[in-house]
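# Tertiary structure, described
Each chain, written out:
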Amino acid sequence: MPDVVVVGGGLIGLATAWRLAADGIQVTVCDPTPGAQTSNVAAGMLAPVTEVEYGEDDLLALNLASVNAWPTFAAELEDLTGQPAGLHQTGTLSVAYDVDDAAALRRLADYQRRLGLEVEELSGRDARRREPLLATGVSGGVWVPGDHSVDNRQAVATLLRAVELSGVQLIRQRVTQVVTSGTTALGVQLENGDTVHAGHVIAATGPWSSQLDGVPEELRPPVRPVKGEVLRLRVPEAYRPALQHTVRATARGFSVYLVPRPGGELVVGATTSELGYDTRVLAGGVFALLRDARSVLPITDELELVEAIAGLRPATPDNAPVLGPSGLDRLLWATGHYRNGVLLTPVTAQILADTVRTGTLPDLGKPFLANRFGH
Ligand code: GLY
């Protein structure tokens, strides 16, 4: 019997399993298609500063802790596996398309400065000095040196190798329910009818967390799916690198981000729509992303459209994750990461591993208990 069974093999579940295994704990991960859902679709921005929202101070502290943890997390993964973890420490340039967008960007920069975050306001010309292929009309920018990106697909592949090397058992099956006795979780049942008993169950179940059978409905966190469409474009050799930094743009009030990868891929994202568990890519979503991307990067027209894909963000009512004790003994949540799943992977894994090891949720995790939603 493993000490821990992790339900869900996305980045959060795999990283948590790896951290636990590194502490000498026997871990099993259950997922029919590890890494193939939200973790595969994400653009991989590490954006605690550029995605900061007014009034989300606890989440900001968690996000900053995790962006600071990423370099060591990536180095440890790379040392173990010999594979790239996908971290690109490029900084991020936020740009505005028109004067209204520039005013909104300045207001956000004021707020970011008040929070003590490092931002530098730029003229349109200075923004173009950093990224020469930006549209001549770009009316202003903000340079954010601490926001970076991760190639999420590389990170998944490397974490899969890391869990394998660390002795984690991977069961490629769907969990049908958490098995309980009274108010204690004893393990999980798989779709083939087998039961995996374990000392702890960690639900890294992302957008499906509110559907986890076996957990009483009143203890399930209010996580809902929020769809995001993402495009992957290929930059021809002649234009490389089209961008050297992640570029986030506001164009006529709409936001878009463009995340360059070293191999010539440019990831453009993302739409936001509340359509339940719908992962169809809609023409309107592709249109909006391309319209906004070409407003600030005109050579978008010359890039090959390689992939259009949609995934589901696991959103909560306060946009923050759900971490730790669940109200059922021995069931812990690692879910609800909404827009910050890739960013929050290292800190979530560490918080969950510490909780299992010590029996106590670390202080950094305490604002994110499921019971804040009234459980
Ligand atoms: N963090 C990017 C997104 O959710 O679209």
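Above this note sits the structure.
Read on for a plain summary of the structure. (Residues numbered from 1 in each chain as written. Predicted model: local features only at pLDDT ≥ 70, side-chain atom pairs only at ≥ 80, totals over all residues. Heavy atoms only, no water.)

Before going further, it helps to spend a moment on helix α8 (residues 345-358). Relative to the 20 Å expected for 14 residues at 1.5 Å per residue, α8 spans 20 Å between its end C-alpha atoms, a close match to the ideal helical length. The element α8 is extensively covered by neighbouring structure, given that 11 of its 14 residues are classed as buried. Inspection of α8 places Thr-345, Pro-346, Val-347, Thr-348, Ala-349, Ile-351, Leu-352, Ala-353, Asp-354, Thr-355 and Val-356 among the buried residues, and these make up the whole buried set. Among the residues trailing α8, Gly-359 stands out with phi positive, at a value near 80 degrees. (Helix = DSSP H or I, 4+ residues; strand = E, 2+ residues; numbered from the N terminus. Expected span 1.5 Å × (residues − 1). Buried < 20%, exposed > 50% of the residue type's maximum accessible area, 1.4 Å probe, protein only.)

Let us look at the site of the ligand. If you check the shell around the ligand, you find Met-45, Glu-51, Tyr-257, Ala-270, Arg-313 and Arg-339 and nothing else. In this structure, Tyr-257 approaches the ligand through a side-chain N or O atom, which is 2.5 Å from an oxygen atom. In isolation the ligand exposes 190 Å². Once the protein is present, 89% of that is buried. Class assignment for the residues of the shell around the ligand results in 3 nonpolar, no polar and 3 charged. (Near = heavy atom within 4 Å. Polar contact = N/O pair within 3.5 Å; in protein donor to acceptor, adjacent residues only side chain to side chain. Areas by Shrake-Rupley, 256 points an atom, 1.4 Å probe, with all protein chains shown as cover. Nonpolar A, V, L, I, M, F, W, Y, C, P; charged D, E, K, R; others polar.)

Moving on: the nonpolar core. Counting 47 residues, the largest nonpolar core has Val-6, Leu-20, Val-27, Leu-46, Trp-70, Leu-159 and Ile-202 as its most contacted members. Elements supplying a minimum of two residues to this core: β1 (4-7), α1 (11-22), β2 (27-30), α3 (57-81), α6 (152-165), β20 (331-335) and α8. Per-element accounting of this core gives the leading share, 8 residues, to α1. The contacts of Trp-70, once residues within four sequence positions are left out, are Leu-46, Leu-87, Val-150, Ala-155, Val-342, Leu-343, Thr-345 and Pro-346. By size, the runner-up hydrophobic cluster in this structure holds 26 residues, among which are Val-95, Leu-233, Leu-243 and Leu-289. (Core = buried A, V, L, I, M, F, W, Y, C linked by side-chain atoms within 4.5 Å. Contact = heavy atoms within 4.5 Å.)

Our focus in this paragraph is the sheet that holds strand β17 (residues 265-269). The strand order across the open sheet formed by 8 strands is β6-β7-β5-β15-β16-β17-β14-β18, and the pairing between neighbours is mixed. In this open sheet, the two strands that pair with only one neighbour each are β6 (120-123) and β18 (304-315). Within the sheet, the average angular offset between the axes of one strand and its neighbour, ignoring direction, is 20 degrees. Pairing of strand β5 (residues 92-96) with strand β15 (residues 246-251) involves 5 bridges; the strand directions are parallel. Residue Ser-94 lies in a different strand from β15, and its bridge partner there is Arg-248. Contacts from helix α4 (residues 99-114) reach β5, β6, β7 (140-144) and β15, with the element oriented near 140 degrees to β5. Set on the sheet, helix α7 (residues 283-296) makes contact with β5, β14 (224-234), β15, β16 (254-260), β17 and β18; between it and β16 the angle comes to about 75 degrees. (Pairing = 2+ DSSP bridges. Axes fitted to C-alpha atoms, helices over the stretch in contact; angles between N-to-C directions.)

The next thing to look at is the pattern of salt bridges. The tally for this structure, following the rule as stated, stands at 25 salt bridges. Between Asp-318 and Arg-372 there is a salt bridge, with its nearest N and O atoms 2.7 Å apart. Taken as a pair, Asp-318 in the loop between β18 and β19 (322-325) and Arg-372 in the segment after α8 lie far apart in primary sequence, 54 residues in all. For Asp-318, a relative accessible area of 31% translates into the label partly exposed. Overlapping salt bridges bring together Asp-151, Arg-232, Arg-261 and Glu-265 as one network. (Salt bridge = Lys/Arg side-chain N within 4 Å of Asp/Glu carboxyl O.)

Attention shifts here to the sheet that holds strand β3 (residues 45-46). Within a sheet, adjacent strands bond to each other through the backbone by hydrogen bonds, running parallel or antiparallel. Taken in spatial order, the 3 strands line up as β3-β8-β4 in an open sheet, and their pairing is antiparallel. The sheet is open, and its two edges are formed by β3 and β4 (87-88), each paired on a single side. Relative to strand β8 (residues 148-150), β3 runs antiparallel, the two sharing 2 bridges. The residue of β8 that forms the bridge with Met-45 is Ser-149.

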